[in-house]
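# Overview (structure and organization)
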2 protein chains.
Amino acid sequence: MFNKETEYALRGLVYISLQNIQDKRPGTAEVAKEIDAPHFYTAKILQRLVRAGFLESIKGKGGGFYFDPDKPEIPLVRLISSIEGDRSFSGCGFGLKHCSESNPCPVHEKYAPIREAINKMVSEETVQSLALKVYNKKHTPEKIKK
Amino acid sequence: MFNKETEYALRGLVYISLQNIQDKRPGTAEVAKEIDAPHFYTAKILQRLVRAGFLESIKGKGGGFYFDPDKPEIPLVRLISSIEGDRSFSGCGFGLKHCSESNPCPVHEKYAPIREAINKMVSEETVQSLALKVYNKKHTPEKIKK
DNA sequence: TTATTAAAAGACCAAATGGTCTTTTTGTAT
DNA sequence: ATACAAAAAGACCATTTGGTCTTTTAATAA
């Protein structure tokens, strides 16, 4: 669905957020290993995310990556768009020529609600909300699980 | 949403089908121009589609591309999968690690119905059904349009 | 049967994406 | 102050994707 960079960024940030909840700041090697991505490539991607302002980092001993709790949460759509543009969310899903709301292509009507659902989801969910879901799931005793 | 090759293939085949309805067999130059794609690249893609058995062609004067009416219609999913695999349709939309039905990642539940809707659409719609929609739309007098 | 037309084949090139590695900088702990 | 640890920077490489162009093959019309 998304390209590799986006996928690694998404998984990496969720993992970092999850660690932050437990007062830890993972480094590049740990993140890469945990999200099953190439180490150096992961490092490069995390650097880009820091430069882009999504994430903070500390160098040197005990360093690593973390989210500034004073910054707002990061909706998935912001993250994804910043990496691969909005081609996944806007425009006609099937790219037929001259497709628009006023002159829709044959699949437009059928695809519109799907695209809307996707947009809703990536706007509502954030890196942090996903991390929290993972955290809660991990820390819910088996007997309580629905 | 899809890559260029898939997009051009999709648009090209729909255009060819639409011309076939009107007993015409367009050539590479015409198809490329009409779907707004690079000429030689379009030619290469159409060749591949012929080799893959989706489409027939005739060389020489009066030649061009056409669909064998004896073959079954082509569901979009078949076309798309043959070009870029099923990565668009299967697997977790967000590629989080270890995501499966039994151990779903945090976005899995939300994404499942979306993926299902996409699958339904690309299974039901065919190149020919899209062409027919375009054809009917074109040949419906304004006053009758809903 | 020849000229012409159009697809097939395939060599080639360009850009984007994915990935590796070394060096430099900066922070921390001792 | 110094050693060490870890991110930052950036050069470099590989693969995939997107695209161009020339030559060959095959069909048709004259």
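The following refers to the structure shown. Within any chain, residue numbers begin from 1 and follow the written order of that chain's sequence. All chains are assigned letters beginning with A, and all ligands numbers beginning with 1, in the order in which they are written. A pLDDT threshold of at least 70 governs which residues receive local features in this predicted model, and a stricter bar of 80 or more applies before side-chain atom pairs are shown or counted, although totals over entire chains, interfaces and linings include all residues. Calculation of side-chain values draws on the structure's entire complement of heavy atoms; hydrogens and water are dropped beforehand.

Moving on to the protein's contact with DNA strand C. Residues are classed as near a molecule or strand on a simple rule: at least one heavy atom within 4 Å of it. Near DNA strand C there are 25 residues, and of these Lys4, Pro38 and Lys44 of chain A together with Gly27 and Ser57 of chain B occur at the shortest range. A share of 65% is what sugar and phosphate atoms reach among the atoms of DNA strand C within 4 Å of the protein. Contacts described as polar in this section are N or O atom pairs within 3.5 Å, which, within protein, must combine one atom able to donate a hydrogen with one able to accept it, while residues neighboring in sequence count only if both atoms come from side chains. Here a phosphate oxygen of DNA strand C and a side-chain polar atom of serine 57 of chain B are 2.7 Å apart. Mapped by element, the contributors of at least two residues to the surface near DNA strand C are helix H1 (4-21) and helix H3 (39-51) of chain A together with helix H3 (39-51), strand S1 (56-58) and strand S2 (64-66) of chain B. The secondary structure listing takes helices from DSSP runs of H or I that are at least 4 residues long and strands from runs of E that are at least 2 residues long, numbered from the N terminus. Of the residues forming the surface near DNA strand C, the biggest block, four residues, is contributed by H3 of chain B.

Once that is clear, we can look at the relation of the copies chain A and chain B. The copies are overlaid by a least-squares fit using only the C-alpha atoms of residues whose pLDDT is at least 70 in both copies. For these two chains of identical sequence, chain A goes onto chain B by a turn of 180° and a shift of 0.0 Å along the axis, with RMSD 0.0 Å. The superposition operator between the copies reduces to a two-fold rotation axis. Identified as the residue of chain A closest to the rotation axis by C-alpha distance is isoleucine 114 of chain A, at 3.1 Å. Whether two residues touch is decided by their heavy atoms; if any such pair falls within 4.5 Å, the residues are in contact. A high fraction, 100%, of the interface residues of chain A reappear at the interface in chain B, so the copies pair face to face through one surface.

Glancing now at the interface of chain A and chain B. On the chain B side, the residues contacting the 34 residues of chain A number 34 residues. The term buried area means the drop in 1.4 Å probe accessible area that two parts suffer when joined, counted for both and summed. Surface buried jointly by chain A and chain B totals about 2,900 Å² across both partners, of which 67% is contributed by carbon and sulfur atoms. Each salt bridge in this description consists of a side-chain nitrogen of Lys or Arg and a carboxyl oxygen of Asp or Glu lying within 4 Å of one another. Where chain A touches chain B, the interface holds four salt bridges. Its salt-bridge partner being lysine 110 of chain B, residue glutamate 124 of chain A comes within 3.6 Å of it at the nearest N-O pair.

Now for the protein's contact with DNA strand D. For DNA strand D, the set of nearby residues contains 24 residues, the closest of which are Gly27 and Ser57 of chain A together with Lys4, Pro38 and Lys44 of chain B. Counting only the atoms of DNA strand D that lie within 4 Å of the protein, the sugar and phosphate share comes to 64%. Tyrosine 8 of chain B has a polar side-chain atom sitting 3.4 Å from a phosphate oxygen of DNA strand D. The element that contributes the greatest number of residues to the surface near DNA strand D is H3 of chain A, accounting for four residues. In terms of residue class, the surface near DNA strand D is made up of seven nonpolar, eight polar and nine charged. Note on residue categories: nonpolar means Ala, Val, Leu, Ile, Met, Phe, Trp, Tyr, Cys or Pro, charged means Asp, Glu, Lys or Arg, and polar means any other residue, Gly included.

Honestly, it's all geometry; don't read function into it.
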